[in-house]
Amino acid sequence: MSHIDVGVIGAGWCGGIRAAAAASSALVGSLHVAEIDHARLAQVAESTAAATATSDYRELLAITSIDAVMISATPETTHYPMARDALEAGKHVLLEKPIALTLEEADELIDLAKRRGLKFTIGYSQRFNAKQALAKRSLEDGTLGEPVSALVSRHITRRLGDKISSRIKLSPAAMEATHDIDFLLWCLEPARPVRVYAQAVERLMKPKHGVADCMWIVITMDSGVVVTVGAGWILPPAYPNFSSTWIEVVGTEGALLMDASHRDIVLTTMRDGTVFPLSTMPGEALGHTYAGPMERETTHFLEAVAHDRPVLVTPVQARRAMEVYLAADLSAERNQPVSLPLDQEEAERALAASVRA
C-alpha cells in the first residue's frame, strides 16, 4: 500500500475535520499540523498524534517528506499566498473555497499546478453528499431527460453568518451560494454559464458587517437551461445548526426534488431547547462513523495523491464558479444582468462589488 505524509494548514473547524480524517486513514504515514491558535494547535496535535505541530505553515512546506497539504486557514485572504507557496514547494494541494480572491490569482495557481504536475483541488464538499451525487447521476444516465431548470435554496444561521462576515467582507454569493453554483455547473456540464442576474437584500448584516443578508442568482447556460441559486445567512439560531437546503432539478422526462432541511432528526432538551442535529454543511463525527461529506472529500484527496488518480473538483471548475459569483455580486450592485466571461475590467469591478456587498 502507498503511504503519504500530509500537512494540514489551519486546524479550526474544517481543518480539524480534515486532520482527524487524515490521522485515521491507512494511507497516511505521518500527519503534520500548522495552526496560529496555540491552544487549538495543541488540542488537534494531541488528538491526531501529529508528528509536527507548528504555528508557521512554512515549516511544513520545508519538510521534504510531506507529499500533500490541505489548506483550511482563515481569513480567505490567506488562500492564494498559502496555496502558491505550497505548490511552489512541490506539494499537492487541497484548498478550501474560494480558490482565490481574484480571477488573476486563480489563473496563476491553476497554471502553477499544471506546470509542476501537481494535483490541485478546491473544497467543494457538497459534491460528496449523496443527494447531490444522485442529481448528477440522474442527469448523466438520462433519468430526467434533457435538463430544463435547476434550483438550490440554501440558508444558514446568523451565528455562522456573523462568524464569516466578521473575518472577511465577502458576500453570501461568494461564501455560501458558491457551493451550489459549483454543484449545478458540475451537474450541467458541458454546458457553460453565459449570463448572470442577481438581487441582494440588506437589512440585518449590512449595519453590522457591511454584507448582504441573502442573494438570489439566476444563471443562464449556453444550453438554454436556467439555474436559480438562493443563499442567505440570517436564520435564527434555533433553526438547523448551520444549513437548510432545498434542491429541484427538472428535466424533459422527470424531476428530482430533494429536501435537505434537516428536519428529520429533532433533539429537544431542557438546556438547549429544540435543535436539529447533523445539519452542518461539512458534517460531524459520530463515534465510529461520520455524518456528512467532508470526511469523504478528504479521503478522496488522499486517495488521489496516494494512487495518482484524478481529483473530482478541478481548479478550472472552481474558477468557473468563482466567475459566476463575482458576476452575481456585480449584477446585484448594478441591478442588471452581467454577461460571461468577464473581461479584466469587469472582473476588477466584480471583485470590488463582492467585497462591498
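Use the structure listed above.
One structure accompanies this document, and this report is about it. Within every chain, residues take consecutive numbers counted from 1 along the sequence as written. At least 70 in pLDDT is required for a residue's local features to be given in this predicted model, at least 80 for side-chain atom pairs to be given and counted, and no such filter applies to totals for whole chains, interfaces and linings, which use all residues. Side-chain calculation: all heavy atoms of the structure are included, whereas hydrogens and water are not.

A short note on the nonpolar core
Residues belong to a common nonpolar core when they are buried Ala, Val, Leu, Ile, Met, Phe, Trp, Tyr or Cys residues joined through side-chain atoms within 4.5 Å. Exposed residues in this analysis have more than 50% of their type's maximum accessible area, buried residues have under 20%, and partly exposed residues fall in between, with area computed by a 1.4 Å probe over protein chains only. Of all hydrophobic cores here, the largest spans 85 residues; its most connected members are Ile71, Ile99, Ile181, Ile217, Val227 and Leu342. In this text, helices come from DSSP runs of H or I with a minimum length of four residues, and strands from runs of E with a minimum of two, each type numbered from the N-terminal end. Top contributing element to this core by residue count: helix α8 (residues 172-188), with eleven residues. The contact definition used throughout considers only heavy atoms, calling two residues in contact when any of these lie within 4.5 Å. In this structure, isoleucine 99 is in contact with His79, Ala106, Leu109, Ile110, Phe120, Ile122, Pro315, Ala318 and Met322, ignoring residues within four places of it in sequence. Core analysis: the second largest hydrophobic core is formed by 21 residues, Ile4, Val33, Leu41 and Ala68 among them.

Focus: the packing of helix α1 (residues 13-23) against helix α10 (residues 294-306)
Packing of α1 against α10 brings their axes to within 9 Å, and their N-to-C directions diverge by 55°. On the basis of the axis angle, α1 is oblique to α10. Taken as a pair, α1 and α10 cross one another with a handedness that is right-handed. On the side of α1, the interface is formed by Cys14, Ile17, Arg18, Ala21 and Ala22, while α10 contributes Met294, Glu295, Glu297, Thr298 and Leu302. The nonpolar class holds Ala, Val, Leu, Ile, Met, Phe, Trp, Tyr, Cys and Pro. Asp, Glu, Lys and Arg form the charged class, and all remaining residues, Gly among them, are polar. For the contact of α1 with α10, a count of residues per class yields six nonpolar, one polar and three charged. Fitting a line to C-alpha atoms yields each axis, with helices limited to the stretch in contact; the angle taken between N-to-C directions then spans 0 to 180 degrees. Roughly parallel covers angles under 35 degrees, roughly antiparallel covers those over 145, roughly perpendicular covers 65 to 115, and oblique covers all other angles. By definition, any crossing whose near helix is turned counterclockwise from its far helix by less than a right angle is left-handed, and any crossing with a clockwise turn is right-handed.

Considerations on the sheet that holds strand β10 (residues 226-235)
With respect to topology, seven strands assemble into an open sheet ordered β12-β11-β7-β10-β9-β8-β17, the strand pairing being mixed. Edge positions in the open sheet fall to β12 (255-260) and β17 (338-339), since each of these has one partner strand only. Looking at chain direction, strand β11 (residues 244-251) and β12 are connected through six bridges and run antiparallel. When the sheet's bridge partners are listed, valine 250 is paired in β12 with alanine 255. Each of β7 (147-157), β11 and β12 touches helix α6 (residues 130-140); the most contacted strand, β12, lies at about 175° to it. For two strands to count as paired, DSSP must find a minimum of two bridges between them.

What to know about the pattern of salt bridges
Counted as salt bridges are all cases of a side-chain nitrogen of Lys or Arg within 4 Å of a carboxyl oxygen of Asp or Glu. This structure, assessed with the given rule, holds 17 salt bridges. Aspartate 111 is paired through a salt bridge with arginine 115; the nearest N and O atoms lie 2.8 Å apart. Within this pair, aspartate 111 and its partner arginine 115 are both found in helix α5 (residues 103-116), separated by four residues, close to a single helical turn. A residue is classified by how much of its surface remains accessible, and aspartate 111, at 39% relative accessible area, is partly exposed. We note a salt bridge from arginine 319 to glutamate 323, for which the minimum N-O separation is 3.8 Å. Here glutamate 323 and arginine 319 lie together in helix α11 (residues 315-334), a separation of four residues that amounts to about one turn. Taken together, the shared-partner salt bridges connect Arg18, Glu96 and Glu297 into one network.

Side note on the packing of α5 against α11
Running from amino to carboxyl end, α5 crosses α11 at an angle of 175°, the nearest separation of the two axes being 10 Å. Relative to α11, α5 is oriented roughly antiparallel. Contacts between α5 and α11 involve Leu103, Ala106, Asp107 and Ile110 from the first element and Pro315, Val316, Arg319, Met322, Glu323 and Leu326 from the second.

Digging into the sheet that holds strand β6 (residues 120-123)
Taken in spatial order, the six strands line up as β3-β2-β1-β4-β5-β6 in an open sheet, and their pairing is parallel. A single partner strand is all that each edge strand has here, and the edge strands are β3 (52-54) and β6. Direction aside, neighbouring strands of the sheet carry axes that sit 15° apart on average. Pairing between strand β2 (residues 28-34) and β3: three bridges, direction parallel. Counted as the bridge partner of histidine 32 is threonine 52 from β3.

Considering the packing of aromatic side chains
Centre distance within 6.5 Å is the pairing criterion for rings of Phe, Tyr and Trp, where only the six-membered ring of Trp is used; planes under 30 degrees apart are then read as stacked, over 60 as edge-to-face, and the remainder as tilted. Applying the stated rule across the entire model yields two aromatic pairs. Between tryptophan 13 and phenylalanine 242, the ring centres sit 4.9 Å apart and the planes meet at 40°, which makes this aromatic pair tilted. Here the residue tryptophan 13 occupies a position in helix α1, and phenylalanine 242 occupies one in the loop between β10 and β11, the gap between them amounting to 229 residues.

Observations regarding the side chain of threonine 220
Mapping threonine 220 onto the fold places it in strand β9 (residues 214-221). The residues touching threonine 220, leaving out its near neighbours within four places in the chain, are Arg192, Pro193, Val194, Arg195 and Val225.

Examining empty space enclosed by the protein
For cavity detection a 1 Å grid was placed over the protein atoms alone, and a set of points counts as a cavity when a 1.4 Å probe fits there but cannot get out; an open set counts as a pocket when protein lies on both sides within 12 Å along at least five of seven lines, with lining residues being those that have an atom within 4 Å of a point. Grid points are joined across faces, edges and corners, and a volume is the space filled by probe spheres set on the points. What the rule picks out here adds up to three cavities of 30 Å³ or more. Roughly 60 Å³ of volume is contained in the largest cavity. Forming the walls of the largest cavity are Arg127, Asp182, Leu185, Trp186, Glu189, Ala191, Pro193, Met221, Gln317 and Arg320. Counting only elements with at least two residues in the lining of the largest cavity, the list comes to α8 and α11. With three residues, the single largest contributor to the lining of the largest cavity is α8. Among the residues making up the lining of the largest cavity, the classes are represented as five nonpolar, one polar and four charged.

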